[in-house]
Amino acid sequence: MRQIALCLGLGLLAILTLAPAHADYVVIVASDAPDAYSAGTEIADDQQIDLPQGARLTLIERSGHIVTIDGAFSGSVPGSAQVGPSETSSTNWDILKRLVGSAEASSTVLGAARAGAGDIPPPPDVWDLGADSSGPRCVRKGELTLWRKQADETLQVSARSAAGRHEGLAWTAGDHRLALPADMAMEDGRMVVSVGGELRDFELSVMPDTLAGAPAGQLLSWLSERDCRRQALALIARLHGGGTAD
């Protein structure tokens, strides 16, 4: 009897091991969709989704794949059977869900996604570092660009980090972006920037090489984990608008 029970137990374990796991999605942004699909809502791969005409959902799966669904639509998540294995840690997943479910995400992302061509300046790009405040910032190796909302005057800029110091940089009136020397974005660490005499203290995180060419959702997860909230929201807005991570 004990041998039979053991065999049954091993057989059940084998079945559970071979059974495909349900894909796990979370809504990262919703526009003109029912409240049941608000940002931060988890959706199973076999769950029925009903969207009216004109609605749009953008979902992220644990592997980092992004799916956008436009209404009118009725059915389960398209292409869920082809989704890859889970690659996002539980910690990053929880951080991401908190970010996309916040009031800040709703106002920032939907505002950016709905902005017209006449709205100047647009919200910052994914890799623009907002110079209006201090805090964590994420960069690609060798690329570091400051961004400012108001560009009505020329300002003198200096930057200092472990990589060195650069002074006498002019941020010309009319320019919302200013590229800093590439050597300032080669490794993680602190960087202090003076913009017109106002100091900004950044904690830089350089994107790891493993994220090059990875699904957009993996980049989004990394931005969220490194607390680069504004950049994560900019990426969400771009993806929801039909763009790509690059």
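Everything quoted here is computed from the prediction, not taken from an experiment. (Residues numbered from 1 in each chain as written. Predicted model: local features only at pLDDT ≥ 70, side-chain atom pairs only at ≥ 80, totals over all residues. Heavy atoms only, no water.)

**Observations regarding the nonpolar core**
Then, in step 1: Grouped together as the largest cluster of nonpolar side chains are 23 residues, with contacts concentrated most on Ile28, Trp127, Leu219, Leu220, Trp222, Leu223 and Leu235.
Then, in step 2: Mapped onto this core, the elements with two or more residues apiece are strand S1 (24–31), helix H4 (216–225) and helix H5 (229–240).
Then, in step 3: When residues of this core are assigned to their parent elements, the largest contribution, six residues, is made by H5.
Then, in step 4: In this structure Trp127 touches Cys138, Val139, Arg140, Thr145, Met207, Leu219, Trp222, Gln231 and Ala245, once residues within four positions along its chain are discounted.
Then, in step 5: Within the second largest apolar cluster, 19 residues are counted, among which are Leu144, Leu155, Met184 and Val206. (Core = buried A, V, L, I, M, F, W, Y, C linked by side-chain atoms within 4.5 Å. Buried < 20%, exposed > 50% of the residue type's maximum accessible area, 1.4 Å probe, protein only. Helix = DSSP H or I, 4+ residues; strand = E, 2+ residues; numbered from the N terminus. Contact = heavy atoms within 4.5 Å.)

**Focus on the pattern of salt bridges**
Then, in step 1: For the coordinates displayed, the defined rule picks out eight salt bridges.
Then, in step 2: Its salt-bridge partner being Arg165, residue Glu167 comes within 2.5 Å of it at the nearest N-O pair.
Then, in step 3: A salt bridge links Glu198 to Arg200, with the shortest nitrogen-to-oxygen separation between them at 3.0 Å.
Then, in step 4: Owing to a relative accessible area of 45%, Glu198 belongs among the partly exposed residues under this scheme.
Then, in step 5: Classification of Arg200 as buried rests on a relative accessible area of 16%. (Salt bridge = Lys/Arg side-chain N within 4 Å of Asp/Glu carboxyl O.)

**Notes on the state of the cysteines**
Then, in step 1: This structure, assessed with the given rule, holds one disulfide.
Then, in step 2: Here Cys138 pairs with Cys228 through a disulfide, and the sulfurs are 2.1 Å apart. Because the sign of the S-S torsion sets the handedness, a value of about 85 degrees for the bond joining Cys138 and Cys228 places this disulfide among the right-handed ones. Of the two residues, Cys138 sits in strand S8 (residues 135–139) while Cys228 sits in the loop between H4 and H5, which places them 90 residues apart along the sequence. (Disulfide = S-S within 2.5 Å.)

**Concerning the packing of H4 against H5**
Any two packed helices are characterised by how steeply their axes cross, that is the angle between the axes, and by the distance between the axes.
Then, in step 1: Axis separation between H4 and H5 bottoms out at 8 Å; the angle between their running directions is 155 degrees. The orientation of H4 relative to H5 falls into the category roughly antiparallel. Here the hand of the crossing between H4 and H5 comes out left-handed. Here Ala216, Leu219, Leu220, Leu223 and Ser224 of H4 come into contact with H5, specifically with Gln231, Ala232, Leu235, Ile236 and Leu239.
Then, in step 2: For the contact of H4 with H5, the residue count by class is eight nonpolar, two polar and no charged. (Axes fitted to C-alpha atoms, helices over the stretch in contact; angles between N-to-C directions. Parallel < 35°, antiparallel > 145°, perpendicular 65-115°, else oblique. Left-handed = near helix turned anticlockwise from the far one by under 90°. Nonpolar A, V, L, I, M, F, W, Y, C, P; charged D, E, K, R; others polar.)

**What to know about the pairing of strand S4 (residues 56–61)**
Then, in step 1: Judged by how many residues are buried, S4 sits mostly within the fold: five of six residues are covered.
Then, in step 2: Pairing of S1 with S4, which is carried by six bridges, proceeds in the antiparallel orientation. Bridged to Val27 within S4 is Leu59.
Then, in step 3: Linkage of S4 to strand S5 (residues 66–70), two consecutive antiparallel strands, is achieved through a turn of four residues, within which Gly64 is found at a positive phi near 105 degrees. (Pairing = 2+ DSSP bridges.)

**Let's talk about the sheet that holds strand S10 (residues 155–161)**
For sheets, the rule is that strands pair by backbone hydrogen bonds, running either parallel or antiparallel.
Then, in step 1: With mixed pairing, five strands are arranged side by side in an open sheet as S8-S14-S13-S10-S11. Here the strands that pair on one side only, and so sit at the sheet edges, are S8 and strand S11 (164–171). Averaged over all pairs of adjacent strands, the angle between their axes in this sheet comes to 30 degrees, without regard to strand direction.
Then, in step 2: When S10 meets strand S13 (residues 189–195), the two strands line up antiparallel, connected through five bridges. Following the sheet pairing, Ser161 is matched in S13 by Met191.

**Points about the confidence of the model for the chain**
Then, in step 1: Within the chain, residue pLDDT values average 78, and 74% of them lie at 70 or more.
Then, in step 2: Predicted confidence is poor over residues 81–86, with pLDDT under 50, and the contacts of this stretch with residues over four places away or in other chains come to nine contacts.
Then, in step 3: Scored below 50 in pLDDT, residues 110–121 shows 14 contacts in the model against residues more than four places distant or in partner chains. (pLDDT = per-residue confidence, 0-100.)

**Quick look at the environment of Ser76**
Then, in step 1: Positionally, Ser76 belongs in the loop between strand S6 (73–75) and helix H2 (90–100).
Then, in step 2: We classify Ser76 as partly exposed; its relative accessible area is 34%.
Then, in step 3: Between the C-alpha atoms of Ser76 and Asp45, which are 31 residues apart in sequence, the distance is 6.4 Å.
Then, in step 4: Excluding its chain neighbours within four sequence positions, the residues that come into contact with Ser76 are Asp45, Asp46 and Gln47.

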